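Single-letter residue listing:
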Number of protein chains: 2
Amino acid sequence: MISRQILEDISNSSTIRSMFIEGKELANEIGEENVYDFSLGNPATPAPINFTSALSDIIREEDSLSLHGYMDNAGYPEVREAVAQNLNRRFHTDFSKKNIIMTVGAAGAINVILKTLIDPGDEMIVFAPYFTEYRNYIGNWRGQLVVTEPDYQTFQPNFADFESKIAAKSKVVMINNPVNPTGVVYSKSTIRRIATILSQKQKEYDHEIYIISDEPYRELIYDRKNIPFISKYYNNTFMTYSFSKSLSVPGERIGYLAVPNEMADFEWVMSGLTIANRICGFINAPSLLQKAVALCLDETADVEFYDRNRKLIYHELTGMGFSCVKPEGAFYMFIKSPVADEKAFVETAKQFHIILVNGSTFACPGYVRLAYCCSYEMIQKSLSAFRKLAQYYHLSA
Amino acid sequence: MISRQILEDISNSSTIRSMFIEGKELANEIGEENVYDFSLGNPATPAPINFTSALSDIIREEDSLSLHGYMDNAGYPEVREAVAQNLNRRFHTDFSKKNIIMTVGAAGAINVILKTLIDPGDEMIVFAPYFTEYRNYIGNWRGQLVVTEPDYQTFQPNFADFESKIAAKSKVVMINNPVNPTGVVYSKSTIRRIATILSQKQKEYDHEIYIISDEPYRELIYDRKNIPFISKYYNNTFMTYSFSKSLSVPGERIGYLAVPNEMADFEWVMSGLTIANRICGFINAPSLLQKAVALCLDETADVEFYDRNRKLIYHELTGMGFSCVKPEGAFYMFIKSPVADEKAFVETAKQFHIILVNGSTFACPGYVRLAYCCSYEMIQKSLSAFRKLAQYYHLSA
């Protein structure tokens, strides 16, 4: 007697989470130190010391009633202003508090935006391979997911396929930059091309088509690459952000969304988002966490730490004959399965105590995701297991 | 181009919030000390000192990675077990961690439950007057709200009307005990009667009809009354709870839901709820807050503080000729408007700098809600303004 939708959700339930649980079970069996769990994007670096002291200071110094009480559903005005000014300094945007809503992580932000935009039957386009939860989020609001194919050489968008998928019902295009699960970064020219296509299609269909740019990995960029700030290239862009990765606090559920002044019907959109934050049941982002992140806006995750991991695992695995696009951001690698059925490959890897996630989860069968947000030592220790796996499949460099 | 639903939501947007904002504007104009703002249920007592020291201790002592990292979507197992044992001690229930899911407040819990239960078109019954957000929550999942009339003498349920409203599409009955906005408490015999009616109707329609018992005010009970624990009277009961009022932390968004072992399809329901917590975008309740409330489960709000307010305002206002049911719980009073159009009464009260919320917001026109979770001194100072308001309407005791 539970809903038909949730029955379906249970049967499709997150493979990432279940691999994480299988990894924990295997660890209980043979010891944690003998399992090489690359399944979950759970940061391996602690929160910056400034974050911890910000929390302590706030609790010691602030008045309990104002610290833990209700505020505007959009968040504390001074926190929103601090986020706006920080973005302006870093990306030359033109934000003030009225452009920012504090949210329960990026997942909360995306649901608030979809609640605001989507009527049943509206379509959201995603670029495969894509973060599997996007399908569930659009399902919450009875919208339809439309998947576009990547260029399989580069895992950059296939523009022809993208253009062909835009239709009268298209309402939102979801961009995740850097991309989970491939680690690919969309360049300025890629974003410009997407913006040009969408601008034409907006005219053709005579209605707005929005971008949601989901950027929880914005600061995790290697080789001095820059990530374009999409609302500067396309007005109808929502940016969603989470501090989960940059401050290593994924359990705390704190993030924000940013909307440029140039968005169509700006005032209506902001009213809708603020009310949606309440109606979705978030009410507001957790108050103590809002105040803490406002004091840590220039802190970032230890990029060097992840880069060291990236270089080691990319170098070693490609050296063994595994094939993958070199990641430029986030902490994921998307490896081509040596056999067509990547689920069999994931099962075989598990026999060597390596936990990976199958690409079907990201609408991209034939590949597996490896999350290298783990300790360097675990990667080092895992290499002999990977070597056995390569031998099993007769790979060679 | 925002959704049709959110356009409707904007136009119906929370009168409670807008009265709160009008109160703040008036305070800016004539000084905060001259405005008697009874609009919002924002607790006026600080969080218990034990809560503040729990937060500090946890931040100082716990490892950052496990404190701020991902955990099971249902919450930390040890926190859920602590909540279960606390409920067992206080209410002789039979819970363990498997019965508890930590949530982003009660609002989060209710949305997670509705996501799990509701297919579009399913009906949720509420007892008027009811907390206005329930309409928005069922709207998120495309269900229908069905409102039953109260007994206007007592503001207890009108059982005949309730029974007549249960139909083939009925899926959920929402109970809020103590009731916001009336402060009424449903007794054991009331709950028994509701349970009997629902059990018969379950048989008649041959499907489950669930109760959601929303109990954020469970500890705020006066005159040594007890609140029945509904799942002991009716198996298909979800209990939702928030620490907002009991710990005075409404901005922190921390609560839980409890499900008895006797619920139909218990395992499926718990799987659905856990996945819904993720898919709705909550992912999990904020991690630091989970750990903090687990150390404060026996703390409650300062009931004496609110009781003192209750006695003063009830005694004085009825003495002036205002009419209302004596509240037995929560921190609200539901006053009969001296004129049929209570919105005019609210406007007149505002001229005397008294901020109230119209009863239409709670589907009960002709009444106004007064929230007395303010300082005792504000109530004392407000009495001369209430006297002028009584004179304006020619009331007499």
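Scroll up for the structure.
The structure presented is a predicted model; accordingly, all values stated were derived computationally and were not measured.

A. The arrangement of the pattern of salt bridges in detail. Under the definition given, this model contains 40 salt bridges over all chains. B:Lys165 serves as the salt-bridge partner of B:Asp161, at 3.1 Å between the closest nitrogen and oxygen. Note that B:Asp161 and B:Lys165 are positioned in helix α8 (residues 159–165) at a spacing of four residues, about one turn of the helix. One salt bridge connects B:Lys225 with B:Glu328, and the closest N-O pair in it is separated by 3.4 Å. Taken together, the residues B:Lys225 in the loop between β6 (210–214) and β7 (237–242) and B:Glu328 in the loop between α12 (303–320) and β9 (332–336) connect sequence positions 103 residues apart. Judged by its relative accessible area of 23%, B:Glu328 is partly exposed. Each of A:Asp223, A:Asp307, A:Arg310 and A:Lys311 takes part in salt bridges that share partners, so that together they form one network.

B. Seen up close, the side chain of A:Gln5. As for its position among the elements, A:Gln5 is in helix α1 (residues 4–11). For A:Gln5, a relative accessible area of 19% corresponds to the buried category.

C. Molecular detail of unusual backbone geometry. All names here are of chain A. Going from Asn177 to Pro178, the amide bond is cis rather than trans, its omega being -5°. Summarising the element assignment, Pro178 is placed in the loop between β5 (170–176) and α9 (188–205). The backbone phi angle of Arg142 is positive, close to 60°, even though this residue is not glycine. Inspection of the secondary structure puts Arg142 in the loop between α7 (133–140) and β4 (144–148). A relative accessible area of 25% means that Arg142 is categorised as partly exposed. Positive phi values are uncommon outside glycine, yet Arg224 reaches one of about 55°. Take Arg224: it is sitting in the loop between β6 (210–214) and β7 (237–242). According to the relative accessible area criterion, Arg224 is exposed, its value standing at 83%.

D. Representation of the packing of helix α11 (residues 266–279) of chain A against helix α1 (residues 4–11) of chain B within the structure. Across the interface, α11(A) lies against α1(B) with an axial gap of 9 Å and an inter-helix angle of 85°. The angle between α11(A) and α1(B) falls in the class roughly perpendicular. Judged by residue contacts, A:Trp268, A:Ser271, A:Gly272, A:Ile275, A:Ala276 and A:Ile279 of α11(A) engage B:Ile6, B:Leu7, B:Asp9 and B:Ile10 from α1(B). Among the residues forming the contact of α11(A) with α1(B), the class breakdown is seven nonpolar, two polar and one charged.

E. Region of interest: the relation of the copies chain A and chain B. The operation relating chain A to chain B is a screw motion whose rotation component is 180°, with 0.0 Å of axial translation and a residual RMSD of 0.0 Å. Taken together, the turn and the small shift mark the pair as related by a two-fold rotation axis. Nearest to the rotation axis, the C-alpha of A:Ser56 is located 3.1 Å from it, this being the minimum over chain A. A shared interface surface links the copies, since 100% of the contact residues of chain A are contact residues in chain B too.

About the thresholds
Residues numbered from 1 in each chain as written. Chains lettered and ligands numbered in written order. Predicted model: local features only at pLDDT ≥ 70, side-chain atom pairs only at ≥ 80, totals over all residues. Heavy atoms only, no water. Salt bridge = Lys/Arg side-chain N within 4 Å of Asp/Glu carboxyl O. Helix = DSSP H or I, 4+ residues; strand = E, 2+ residues; numbered from the N terminus. Buried < 20%, exposed > 50% of the residue type's maximum accessible area, 1.4 Å probe, protein only. Axes fitted to C-alpha atoms, helices over the stretch in contact; angles between N-to-C directions. Parallel < 35°, antiparallel > 145°, perpendicular 65-115°, else oblique. Contact = heavy atoms within 4.5 Å. Nonpolar A, V, L, I, M, F, W, Y, C, P; charged D, E, K, R; others polar. Least-squares fit on C-alpha atoms with pLDDT ≥ 70 in both.

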